[in-house]
Structure formats: C-alpha cells, structure tokens
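# Breakdown of the fold
The residues making up each chain are set out below.
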Amino acid sequence: MEFTHVSAAGGQCSVRVAGPDSRHAVLLLPDAGDPVDVYDAVSERLHNSDLKTVALESIDGISDEAILTVLDELKLSWVHLVGSGAGAETAWTLAAKTFGRFASLIAVNRCHPAIADEQGTVRGADCPPVELPTTLVVGSSLGRASADASGRFVYADFRVVQLDGSANVVADEPAALATEIVLRTSPW
C-alpha cells in the first residue's frame, strides 16, 4: 500500500491508499493500538473486487472533522465506511452525524454507541440513529443481544453477521470481512 501524509485539522494524518482507480472507495478505520498493516489482507481482497481502499494508520487522537478533511484532500466525496473496535465507534458517529458522504457502514465488534455492550458500557447515549445500509460483524467479543439491539438505531437495511470463535475479526477473518464489505458496496 502507498503511504500518504494528508494535512488534516492543523496536523498530519498518515493514510495508506491502494487499489484500482475506481469510483468506489472504502475508508478503513482501525481499532486503537492496531498495527498499521491490520487491514492489508482485507484490502487485497477488496482490490480484487475493484474497490479502492483508504486505511488510516491510527485512530488515536483523530477527530471526525479530521477524517472528513482527509477525504476532502483525497478528493473522495462518497465512500463506504468500515471500522473495527474504536474505529467502529468513530464510524457509527460519523455515519450518524454526516449526511451525504457515506454510502454504507460496516462496523466490527462494536454496537451502536447508544446500546450498552456486554459490560453495560454506553459509549454515546447522544449518538443519533444511522440512516445508511449497515452491517454489524461480530466475533466472540461482542454478544449477539447487543448486536441485535443496534438495529433499533439503524433506519435502513441492517444485518448482523456472527463469526463465532473469532476474537479479532479483521486479523482472523479477512475473507469474511471483505465479503461483507463487498456486499454492502454492490448496488444490487
């Protein structure tokens, strides 16, 4: 993947851009502390499906406005949004509060912020519902009840995909995750 530094919100943001020159792009937001290459296996599969990928190297300390600035700098006005862990939390918020920039949402191991997770933690009670086609991919670290409850906060097509036995879906199940992303990016 090509490393690119983009000016965003008064600083620099490192992103990895790769794939075909396509009108379809996927923005990949990692979990806090994930290695920079966490999405490489997923991205490779997405490139084979004619999708361009833009992966932030780190989600640590980045604001919603900075992410939107990155998209502007890369001249990407319409993308599919994918996030894992803390990146999924950011993705839920971006999808809920930003109109007209995202075509779909794929969240990994993180329910909608207004839903209590298995430990009873509510991360964003004020987060509005999402009005995008949404897929929530869950491994063994997020219970099905929390995942299903997220459907109350999605005012569009909503699917839950459960991958039993996988604690880290991005690293353990790149083919399954890529398949779910491709399904959301298809217009049919």
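Treat the numbers as computed from the prediction; the structure is a model and nothing was measured. (Residues numbered from 1 in each chain as written. Predicted model: local features only at pLDDT ≥ 70, side-chain atom pairs only at ≥ 80, totals over all residues. Heavy atoms only, no water.)

### Digging into the overall build of the protein
Helix and strand counts for the protein stand at 6 helices and 8 strands. Traced from its N-terminal end to its C-terminal end, the protein shows the element sequence β-β-β-α-β-α-β-α-β-β-α-β-α-α. In summary, the protein has a C-alpha radius of gyration of 15 Å against a globular reference of 16 Å for 188 residues, a match within 12%. If you line up the protein on its principal axes, its C-alpha atoms span 40 × 35 × 35 Å. Looking at the protein residue by residue over its 188 residues, the buried ones come to 54%. Across the protein, the fraction of contacts at a sequence separation of at least 24, relative to all contacts at a separation of at least 6, is 69%. Split by element, the accessible area of the protein, about 8,300 Å² in all, is 48% carbon and sulfur. In the protein, 13 positive and 25 negative side-chain charges are present, and the distance between their average locations comes to 5 Å. (Helix = DSSP H or I, 4+ residues; strand = E, 2+ residues; numbered from the N terminus. Rg over C-alpha atoms; globule rule 2.2 N^0.38 Å. Buried < 20%, exposed > 50% of the residue type's maximum accessible area, 1.4 Å probe, protein only. Contact = heavy atoms within 4.5 Å. Areas by Shrake-Rupley, 256 points an atom, 1.4 Å probe, with all protein chains shown as cover. Lys, Arg positive; Asp, Glu negative; His and termini not counted. Charge placed at Lys NZ, Arg CZ, Asp CG, Glu CD.)

### Section: the environment of threonine 69
Take threonine 69: it is sitting in helix 2 (residues 64-73). In the structure, threonine 69 is positioned 56 residues away from cysteine 13 in sequence and 9.8 Å away in space, judged by C-alpha atoms.

### Some remarks on the pairing of strand 5 (residues 79-84)
A large share of strand 5 lies buried, amounting to 6 of its 6 residues. Alternating residues of strand 5 divide into Val79, Leu81 and Gly83 and His80, Val82 and Ser84, and every residue in both groups is buried. Bridge count between strand 3 (residues 25-29) and strand 5: 4 bridges; the pairing is parallel. Bridge pairing links leucine 28 to valine 82 in strand 5. Sheet topology note: the strand 5/strand 6 (residues 102-108) ladder contains 6 bridges and is parallel. For valine 82, the partnering residue across the bridge sits in strand 6 and is isoleucine 106. Once you follow strand 5 into helix 3 (residues 86-97) and on to strand 6, the crossover reads as right-handed. (Pairing = 2+ DSSP bridges. Right-handed = clockwise from strand over helix to strand, strands pointing away.)

Function cannot be inferred from these measures alone, as they are strictly geometric.
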